[in-house]
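Residue-level structure breakdown
Below are the chains, spelled out letter by letter.
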Amino acid sequence: MANALQEQLLKAGLASKQKARDVKTQKRKQKKAKIDDGSADLKQQIAQQKLEQAAKDKALNEKRFAEASEKGQVRGLITEFTKFAIKAPAGAEIKFNFTVENKILSVYVDDKLQGQLQTGVVGIIRYEDKSYIVPHKLAERVNLLVPEWCGYLWQETADNKVEQASEENDPYADYAIPDDLMW
C-alpha cells in the first residue's frame, strides 16, 4: 500500500525519487534504532565510568597544583627549569618528537642531546608554548607536581633493564660501528 501511495505522489509530481529514498532510509534507521541488544546500557556505563575517572584525576591534579602553589613550589619550579634549561645548538638538525596532550610536538637537537634524551639523562618540559630541555631529576619533579607540563620523560622499564644487561654481555662490544650507519 505504501508503495502505491509513493508511486501516486511521484506521478503527481508532489514528491521526488530522492525524497522517497530519504524517507526509506530514515524508516530503516528508526527501525534499527528501536532494536535493543543491551549494548547501549553497557556503552553508557563505560562512558559514565570514564567521565567519573577523568573528573577524579582532574580533581587530584588540581589539588596537587593548589597545594604546590600554596607552598610556592610551582613558582620555584618555573624559575628553576628556566634557569637550568639546556640550550639546543643553533645548527641542530635532528628532529626529536614528543607528545603533550595528544599533540605531537618536536624540538631540534644534536647527536649528544638525542642520546641523552633516549637514555634518560635529560627530559623535556613544555610551559607557555615553549619547550625546555632540563635534567632528568628536575623533569621528574615537574611531572610529580604538574604532569601537564611534562613533555618527555624517559622511564626505566623492564625492557630497558634487559637491554642494558645485554649490552654488558655483548660479544661485539669491541667492534666499532661505522659512522654512516644509522639505526
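Report follows, based on the coordinates.

Criteria and thresholds
Residue numbering note: each chain is counted from 1, following its sequence as written. With the structure being a predicted model, the display of local features is reserved for residues of pLDDT at least 70 and the display and counting of side-chain atom pairs for 80 or more, all residues being used for whole-chain, interface and lining totals. Just so you know, side-chain values use all the structure's heavy atoms and leave hydrogens and water out. Runs of E in the DSSP output that reach at least two residues are strands. Runs of H or I that reach at least four are helices, and both are numbered from the N terminus. Burial classification: accessible surface area is computed with a 1.4 Å probe over protein chains only, and a residue below 20% of its type maximum counts as buried, one above 50% as exposed, and the rest as partly exposed. We call two residues in contact whenever any of their non-hydrogen atoms come within 4.5 Å of each other. Only the protein chains shown count as cover for residues, and all accessible areas are computed by the Shrake-Rupley method using a 1.4 Å probe. Pairing of aromatic side chains here covers Phe, Tyr and the six-membered ring of Trp, requires ring centres within 6.5 Å, and sorts the geometry by plane angle: under 30 degrees stacked, over 60 edge-to-face, intermediate tilted.

1. Observations regarding the overall build of the chain
- For the chain, the helix and strand inventory stands at seven helices and five strands.
- Counted from the first residue to the last, the chain has its helices and strands arranged as α-α-α-α-β-β-α-β-β-α-β-α.
- Per-residue burial for the chain yields a buried fraction of 20% across its 183 residues.
- Residue pairs at least 24 apart in sequence account for 46% of intrachain contacts in the chain once pairs closer than 6 positions are excluded.
- Per element, the accessible surface of the chain, about 14900 Å² overall, is 52% carbon and sulfur.

2. Considerations on the packing of aromatic side chains
- Evaluation of the coordinates by the stated rule reveals two aromatic pairs.
- Here Phe81 and Tyr127 contribute two aromatic rings whose centre-to-centre distance is 5.7 Å and whose plane-to-plane angle is 75°, an arrangement assigned as edge-to-face. Separated by 46 residues along the polypeptide, Phe81 in helix H4 (residues 73–83) and Tyr127 in strand E3 (residues 122–127) bring together distant segments of the chain. Each member of the pair, Phe81 as well as Tyr127, carries the same accessibility label: buried.
- Aromatic side chains Phe81 and Tyr132 sit 5.2 Å apart centroid to centroid with 55° between the ring planes, which places their arrangement in the tilted category. One end of the pair, Phe81, is in helix H4; the other, Tyr132, is in strand E4 (residues 130–135), and 51 residues separate them in sequence. Neither residue differs from the other here; Phe81 and Tyr132 are each classed as buried.
- What links up through ring pairs into an aromatic cluster is the set Phe81, Tyr127 and Tyr132.

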